[in-house]
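Geometric and topological summary
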Amino acid sequence: MYIGVDLGTSAVKLLAMDSDGKILKTVSVEYPISFPKSGWSEQNPEDWYDGAKKGIKLLLDGLDDTVVEGIGIGGQMHGLVILDENDNVIRPAILWNDGRTTAETDYLNNVIGKDKLSEYTGNIAFAGFTAPKVLWVKNNEPDNFAKIKKIMLPKDYIVYKFTGSYVSDYSDASGMLLMDVKNKCWSKEMLDICGISDIEMPELHESFDVVGEVKAEIKEELGISGDIKVVAGAGDNAAAAVGTGTVGEGGCNLSLGTSGTLFISSERFSVDDKNSLHSFAHADGGFHLMGCMLSAASCNKWWMDEILRDKDYAGSQTGIDKLGENNVFFLPYLMGERSPHNDPLVRAGFIGMSMDTTREDMIQSVLEGVAFGLRDSLEVARSLGIKIEVSNICGGGAKSPLWRRIIANIMNIRLEIQENDEGPALGGAILAAVGCGRFKDVKEAADSIVKVVETVEPEEELVKKYEEKYQQFRKLYPAVKGLF
């Protein structure tokens, strides 16, 4: 049996998978998130650790813990976790969707220069990346910066607590802006720019590499026995891609979680000329291009929970039947935006309302706005000559048949829905199974385990209508960016 962990922003989700890929059980444990100032986003790493331990106990209740062979973790990317010489957390983790590093991001892109950054790492600076966060601590919390002995990412903190191994994997480390992605090593130039050294950085591994075993005292605390291997794991998007079978050359996955991503797997490293998409390593041993929008399903959650105060997500969509005809547009930039605009200061907005605008029009515009935002990243990929005709789709938002239909027609691609929509947790379990020798490689494991059960085809008439709407949508960001 293999345990997969998805260390998310709002909760840690865990699953148990048998050696044939059957999911035996899933559990979820929530933890708090803090927004100390506008645009800031923080969490206490101990909450992740406590949640993971509690989750494993719940997961194994009623299962045979003696057959657990391995654990793999997919985790929220880019978060800065810093420890002192006594392995104590120095300050709350600064998360992926934190926008405080505008000055540091500008310094890296405009003083160091985007060309240099791309040369050193394959990417440019985005406010959510880890390197700008390191510089922010250096500039604003010098006492904390002076205490740093270890720098790690969220899921690596759990691996460290479980095994004592100070490691990271290539896919997650790609998003730090501290790694030379093409050559899969730390960038000395970037470490120097940030005032740190490789001594503070974890050892790098492939995602399926076994990096340690669960410590005896942890097993005793959890009430489990046997030797349990832990693999390096992966960034959540790479883990989700594995869990949806998006591996090898030319695979595509759309993720509608808190954030939204367009993930294109490749056997080769590549970069677009404006670095609009992230060029990262993949958990299968290859590489991938990724467009990331900071607010995706969270846009609909905000609209339903905070504005409409209505928890009936599915019911609220039943009256929406005029696709491609909505005159209301929603800009999905609640936390700023990453791909392709790289603008942490822009904010969301509605435009096009009139006296006959309905509740359904507003809900529809939110769903369409997220889909248009994902289309922006797809257009960058298409400009590189990449042809995407089919994509997997996963994440909480992908459970909506209406949203899936909107996305298929706005992007003009066939969507495939898998039997199991467990994303990063399933990917983590698959990586653990590969690391433990159950499969020879990640592709063999994904081909064996991931099954497609439904497809959503684009509809010619809707594609035409949405093409006109998208051409209107893409004019809106340039029109409003100066307001922020």
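Residues numbered from 1 in each chain as written. Predicted model: local features only at pLDDT ≥ 70, side-chain atom pairs only at ≥ 80, totals over all residues. Heavy atoms only, no water.

Within the chain, the secondary structure is distributed over 17 helices and 24 strands. The globule rule puts the C-alpha radius of gyration for 484 residues at 23 Å, and the 21 Å found for the chain is close to it. Summarising its shape, the C-alpha atoms of the chain cover approximately 65 × 50 × 45 Å along the three principal directions. Looking at the chain residue by residue over its 484 residues, the buried ones come to 61%. Of all intrachain contacts in the chain linking residues separated by at least 6 positions in sequence, the fraction that spans at least 24 positions is 72%. Summed over all atoms, the accessible surface of the chain reaches about 18500 Å², with 47% contributed by carbon and sulfur. The distance from the centre of the 50 positive side-chain charges to the centre of the 73 negative ones in the chain is 3 Å. (Helix = DSSP H or I, 4+ residues; strand = E, 2+ residues; numbered from the N terminus. Rg over C-alpha atoms; globule rule 2.2 N^0.38 Å. Buried < 20%, exposed > 50% of the residue type's maximum accessible area, 1.4 Å probe, protein only. Contact = heavy atoms within 4.5 Å. Areas by Shrake-Rupley, 256 points an atom, 1.4 Å probe, with all protein chains shown as cover. Lys, Arg positive; Asp, Glu negative; His and termini not counted. Charge placed at Lys NZ, Arg CZ, Asp CG, Glu CD.)

With that settled, consider the pattern of salt bridges. Under the definition given, this model contains 28 salt bridges. Among the ionic pairs, Lys 116 bridges to Glu 119, the shortest N-O distance being 4.0 Å. With Lys 116 and Glu 119 both in helix H2 (residues 102-121) and 3 residues apart, this pair spans about one turn of that helix. Of the charged contacts in the structure, one is a salt bridge between Asp 421 and Lys 399, with a shortest N-O distance of 3.4 Å. (Salt bridge = Lys/Arg side-chain N within 4 Å of Asp/Glu carboxyl O.)

A separate point is the state of the cysteines. If you walk through the whole model with that rule in mind, you get 0 disulfides. Unpaired in terms of disulfides, Cys 252 finds its nearest cysteine sulfur in Cys 394, a separation of 11 Å. (Disulfide = S-S within 2.5 Å.)

Sheet analysis places strand S2 (residues 11-17) next to strand S3 (residues 23-30), joined by 7 bridges and oriented antiparallel. Looking across to S3, one finds that Ala 16 is bridged to Lys 25. As consecutive antiparallel partners, S2 and S3 are separated by 5 residues, and within that stretch Gly 21 has a phi angle of approximately 95°, a positive value. (Pairing = 2+ DSSP bridges.)

With that settled, consider unusual backbone geometry. Of note, the bond from Ser 339 into Pro 340 is cis; its omega dihedral lies within 30 degrees of zero at -5°. The topology assignment puts Pro 340 in the loop between strand S20 (329-331) and strand S21 (349-351). In this structure, Leu 177 is a non-glycine residue whose phi angle is positive, near 60°. Topologically, Leu 177 is positioned in the loop between helix H6 (170-173) and strand S10 (179-180).

Right, let's talk about the packing of helix H9 (residues 236-243) against helix H14 (residues 423-435) for a bit. Across the interface, H9 lies against H14 with an axial gap of 6 Å and an inter-helix angle of 75°. Compared by their axis directions, H9 and H14 come out roughly perpendicular. Contacts between H9 and H14 pair Asp 236, Ala 239, Ala 240, Val 242 and Gly 243 from the former with Gly 423, Pro 424, Leu 426, Gly 427 and Ile 430 from the latter. Partitioned by chemical class, the residues of the contact of H9 with H14 number 6 nonpolar, 3 polar and 1 charged. (Axes fitted to C-alpha atoms, helices over the stretch in contact; angles between N-to-C directions. Parallel < 35°, antiparallel > 145°, perpendicular 65-115°, else oblique. Nonpolar A, V, L, I, M, F, W, Y, C, P; charged D, E, K, R; others polar.)

Of all the 11 residues making up helix H13 (residues 401-411), 9 are buried; the element is thus mostly covered by neighbouring parts of the structure. Buried residues of H13: Leu 402, Trp 403, Arg 404, Ile 406, Ile 407, Ala 408, Asn 409, Ile 410 and Met 411, and no others. Asn 412 sits one or two residues past H13 and shows a positive phi near 55°.

A cluster of nonpolar side chains, Leu 345, Leu 483 and Phe 484, forms an exposed patch at the surface whose accessible area comes to about 320 Å². Among the structural elements, Leu 483 can be located in the segment after helix H17 (476-480). (Patch = residues over 30% accessible without salt bridge, like charges linked within 9 Å, V, L, I, M, F, W, Y side chains within 5 Å.)

Taken in spatial order, the 7 strands line up as S18-S19-S17-S16-S22-S23-S24 in an open sheet, and their pairing is mixed. Here the strands that pair on one side only, and so sit at the sheet edges, are strand S18 (278-281) and strand S24 (452-456). For this sheet the average axis-to-axis angle between neighbouring strands, irrespective of direction, equals 30°. Pairing of strand S22 (residues 390-394) with strand S23 (residues 414-418), which is carried by 3 bridges, proceeds in the parallel orientation. Of the residues in S23, the one forming a bridge with Val 390 is Arg 414. Each of strand S16 (252-256), strand S17 (260-266) and strand S19 (287-293) is contacted by helix H12 (residues 359-383), which is oriented at about 25° to S17, the strand it contacts most.

Once that is clear, we can look at the environment of Gly 164. With respect to the secondary-structure elements, Gly 164 resides in the loop between helix H5 (154-163) and strand S9 (167-169). Note on Gly 164: relative accessible area 41%, which makes it partly exposed. Along the sequence, Gly 164 and Lys 215 sit 51 residues apart, while their C-alpha atoms lie 7.6 Å from each other. The residues contacting Gly 164, other than those within four sequence positions of it, are Val 159 and Lys 215.

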